[in-house]
Amino acid sequence: MTGIKHLKCLSAVKSMKTIHPLTPAAFPGNHCPMHTALSLGTRIKGVSTLVIGTSECGYYSRNIAITSPYADQSLHWTYILDSKEVVFGFRDGIINSIREMDAAGAKIILLLATCVPELIGEDIDSICYEIQPKIKARLLHIPLGNFKCGSYQPGYWKTLKKLGSLTEKASIKTKTVNILGRSVLEEHIPMPEIVSVLRRNQVPLRFLSPDSSLEDFVSAGDAQMSISLSPFMNPLAEHLEKEHDVPFISLHDIYSVKEINEVYTVLENHLELKIIPDMKDLKKEADLLQTQAAMQLKDTSYIMANIGALQPLPLSVYFSELGMSPIMIHMEEYYPSDSKWKESLLARDKNPILCLMFNEHADKTIIQELCPHIVIGDWGGRNQTKPPTLQLMDFYGQAGYERTISLLNRITTIRCRSKETDDHGII
């Protein structure tokens, strides 16, 4: 087996700095956080962007900017550093660019600093502090050095959190509930039942997502509550709670029926609505499946590969409640909230290896030699017979009893099939 002694276990990890690639080569790799931050910025009406970096960053960023649905209402520029600026800094040049964008009518400018600006240490925050009183446009600096990140995910949550600084103080609270992480345009993803229940009860909803307008973010502080359906949104939800007294509940990171009940009860009390009775059939089904799954999945070992935007540690905590044991977890981002999930796993005597899986061919060999009962998520052996693969990519944006039901149905089906026939396959 290729050596994995360079990897750390969960107990030794406090940030992305100690989570290393499973194998040396990162091919084909993944998107850098600039890519996702720019994608987000170009899809919000009223937001302009300035990518700061080398010619490579400027070139590849154009594929995103040209697809902006609001190209005629915003500016999406690049600032390419020359050789002198890489050595001596680019303060004067970036100030001139900001002034030009301001004169051209930009309202909000996201300053997306890529790897080289981060490496040379130019103090962009100080530049913003100096120039902000002299222009009309609002400046938001977002550091996005790829060498500081495991993947693209910080590009989303850092940008969304920064957009939260635009939220205005509300003198009067409304009955609105912020739905964080879903768009009304996302018809390809089933809308969580809890959102449908709130609609049936005529609760005003404000959807905050990449397809929202700048005005939605500005007015988010008048809500009576926020519901987070994405790990990308939790930092924004925490900001709204701290700065605008908008409490929030997080649904994307809970799977057990007990925890879902508790969170729905909090929502019921805050909104003064009856919610759980509307979902009694779903709750009953989830309870039954969870009891059965705890018997069928006991002592099942697994390796968690690429599960997309789902947060791996909360999911691993739930699996541990069902008697499953993680061998190794692919983890592209260590969120601020992951510390509590880490403690929960360690308290259950689960201390898996953490890694980054970027090389499907080489990673596949190691995964197979570790002999897990199941591989959860996408990996290089998805089409092979052993071990079986459980795909979860389509669960992003879902939540509640119905997601738990789908998850338990999938994993128990594949586990029972592999036990009975010893024939592994994807489901």
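Data block above holds the structure.
Residues numbered from 1 in each chain as written. Predicted model: local features only at pLDDT ≥ 70, side-chain atom pairs only at ≥ 80, totals over all residues. Heavy atoms only, no water.

### A look at the overall build of the chain
No. 1: Counting its regular elements, the chain contains 16 helices and 14 strands.
No. 2: What you see for the chain is a C-alpha radius of gyration of 23 Å, in line with the 22 Å of a compact globule of 427 residues.
No. 3: With the C-alpha coordinates of the chain rotated into their principal frame, the extents come out at 70 × 55 × 35 Å.
No. 4: Expressed as a percentage of its 427 residues, the buried residues of the chain come to 55%.
No. 5: Expressed as a percentage of contacts within the chain between residues at least 6 apart in sequence, the contacts between residues at least 24 apart total 74%.
No. 6: Only carbon and sulfur atoms are counted for the fraction: they give 52% of the accessible area of the chain, which is about 18,800 Å².
No. 7: Distance between charge centroids for the chain: 2 Å, based on 44 positive and 49 negative side chains. (Helix = DSSP H or I, 4+ residues; strand = E, 2+ residues; numbered from the N terminus. Rg over C-alpha atoms; globule rule 2.2 N^0.38 Å. Buried < 20%, exposed > 50% of the residue type's maximum accessible area, 1.4 Å probe, protein only. Contact = heavy atoms within 4.5 Å. Areas by Shrake-Rupley, 256 points an atom, 1.4 Å probe, with all protein chains shown as cover. Lys, Arg positive; Asp, Glu negative; His and termini not counted. Charge placed at Lys NZ, Arg CZ, Asp CG, Glu CD.)

### A word on the pattern of salt bridges
No. 1: Within the structure shown, the criterion is met by 10 salt bridges.
No. 2: Between Glu193 and Arg200 there is a salt bridge; the shortest N-O distance is 3.1 Å.
No. 3: On the accessibility criterion, Glu193 (22% relative accessible area) is partly exposed.
No. 4: Its salt-bridge partner being Arg206, residue Asp222 comes within 2.8 Å of it at the nearest N-O pair. Taken together, the positions of Asp222 in the loop between helix 9 (214-218) and strand 8 (225-228) and Arg206 in strand 7 (residues 205-208) put the pair 16 residues apart, joining distant regions of the chain.
No. 5: By relative accessible area, Asp222 is classed as buried at 15%.
No. 6: Relative accessible area serves as the criterion here: at 11%, Arg206 is assigned to the buried category. (Salt bridge = Lys/Arg side-chain N within 4 Å of Asp/Glu carboxyl O.)

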